[in-house]
Amino acid sequence: NAGVTQTPKFQVLKTGQSMTLQCAQDMNHEYMSWYRQDPGMGLRLIHYSVGAGITDQGEVPNGYNVSRSTTEDFPLRLLSAAPSQTSVYFCASSLRGQKAFFGQGTRLTVV
Amino acid sequence: QQQVKQSPQSLIVQKGGIPIINCAYENTAFDYFPWYQQFPGKGPALLIAIRPDVSEKKEGRFTISFNKSAKQFSLHIMDSQPGDSATYFCAAARGGNQFYFGTGTSLTVIP
């Protein structure tokens, strides 16, 4: 049972480049979400999904896109990376009202 | 606007001491209050959680106290150990998926 798997673990981008952060879970969880973690800011919700085909915005959605075509996968897309998007990104999954499981994180640096 | 306010930012205790971390929230729609523990380079992991119909919950050395009227909740760690040194986040959620995190407390337990 792998839980929540995020790839890549580390990434360096140049300003204006695009990339996709991958997130996959094998627990058949209906809920999945993306957070960014910055020093002194805690974790802030970017986007979330309550099931395949359904997504919604969180606290800090600007500059990020998501889609959920399957229960297992919830990729996060940066269309045009900016230095302000330098952060550690965490994906999480859960059943409704239950414990959220987090991935190991992706450390992204935009130069 | 921070949905969940957490204090203190950092805490140093001697082994065997009882660190207390406090959180406060405003939104009465929150219905799930977890605490997460995070070690460097790892994703957050659920420690203990409480729902607003309960005033206290204990799991091992960890206790959550919940005051619904004051919209506050706190984490107590009994008989703290050096292995408890980590960053602790409180969170509040509604609808089972939209988690709002505090800014974190860095705990150091001195042997």
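Refer to the structure presented above.
Residues numbered from 1 in each chain as written. Chains lettered and ligands numbered in written order. Predicted model: local features only at pLDDT ≥ 70, side-chain atom pairs only at ≥ 80, totals over all residues. Heavy atoms only, no water.

Asker: It is not clear to me how the interface of chain A and chain B should be interpreted in this structure. Could you clarify?
Answerer: Interfaces are often sized by the amount of accessible area the parts lose when they come together. Contact with chain A, which involves 24 residues of that partner, is made by 20 residues of chain B. Here chain A and chain B share 2 residue pairs in polar contact (both at pLDDT 80 or more) between them. Contributions of two or more residues to the side of chain A that touches chain B are made by β4 (31–38), β5 (42–51) and β9 (87–94) of chain A. Class assignment for the residues of the side of chain A that touches chain B results in 11 nonpolar, 10 polar and 3 charged. (Contact = heavy atoms within 4.5 Å. Polar contact = N/O pair within 3.5 Å; in protein donor to acceptor, adjacent residues only side chain to side chain. Helix = DSSP H or I, 4+ residues; strand = E, 2+ residues; numbered from the N terminus. Nonpolar A, V, L, I, M, F, W, Y, C, P; charged D, E, K, R; others polar.)

Asker: What is the right way to look at the nonpolar core in this model?
Answerer: What tends to happen in soluble globular proteins is that the nonpolar side chains get buried as a cluster. One finds Phe33(B), Trp35(B), Leu47(B), Phe73(B), Leu75(B), Tyr88(B) and Leu107(B) to be the most contacted residues of the largest nonpolar core, which totals 25 residues. Secondary structure elements with two or more residues in this core: β2 (10–14), β3 (20–25), β4 (33–38), β5 (45–50), β7 (62–67), β8 (72–77), β9 (86–94) and β11 (105–110) of chain B. Top element by residues in this core is β9(B). It accounts for 4 residues. What Leu75(B) contacts, discounting residues up to four positions off in sequence, is Pro19(B), Ile20(B), Ile21(B), Trp35(B), Leu47(B), Ile48(B), Phe62(B), Thr63(B), Ile64(B) and Tyr88(B). The next biggest cluster of nonpolar side chains, apart from the first, holds 18 residues, and it includes Val4(A), Val66(A), Leu76(A) and Leu78(A). (Core = buried A, V, L, I, M, F, W, Y, C linked by side-chain atoms within 4.5 Å. Buried < 20%, exposed > 50% of the residue type's maximum accessible area, 1.4 Å probe, protein only.)

Asker: Even after reading the chapter, I still don't get the pattern of salt bridges, so can you show me in this structure?
Answerer: Two side chains with opposite charge may pair up if their charged atoms get near one another. For the structure on display, the rule yields 5 salt bridges over all chains. The residue Asp38(A) makes a salt bridge to Arg44(A) at a minimum N-O spacing of 2.9 Å. Neither Asp38(A) nor Arg44(A) differs from the other in exposure class; each is buried. One salt bridge in this structure joins Glu26(B) and Lys71(B), with 3.4 Å as the shortest N-O distance. Taken as a pair, Glu26(B) in the loop between β3 and β4 and Lys71(B) in the loop between β7 and β8 lie far apart in primary sequence, 45 residues in all. Because the salt bridges share partners, they merge into one network encompassing Arg36(A), Asp38(A) and Arg44(A). (Salt bridge = Lys/Arg side-chain N within 4 Å of Asp/Glu carboxyl O.)

Asker: Looking at this structure, I do not really get the side chain of Gln38(B). What am I missing?
Answerer: With respect to the element layout, Gln38(B) can be found in strand β4. Overall, the relative accessible area of 9% leaves Gln38(B) in the buried class. Here Lys42(B) takes part through its backbone oxygen, which lies 2.8 Å from a polar atom of the side chain of Gln38(B). Once you skip the residues sitting within four places of it in the chain, Gln38(B) turns out to touch Gln37(A), Phe90(A), Gly43(B), Pro44(B), Ala86(B), Thr87(B) and Phe89(B).

Taken by themselves, the reported measurements are silent on function.
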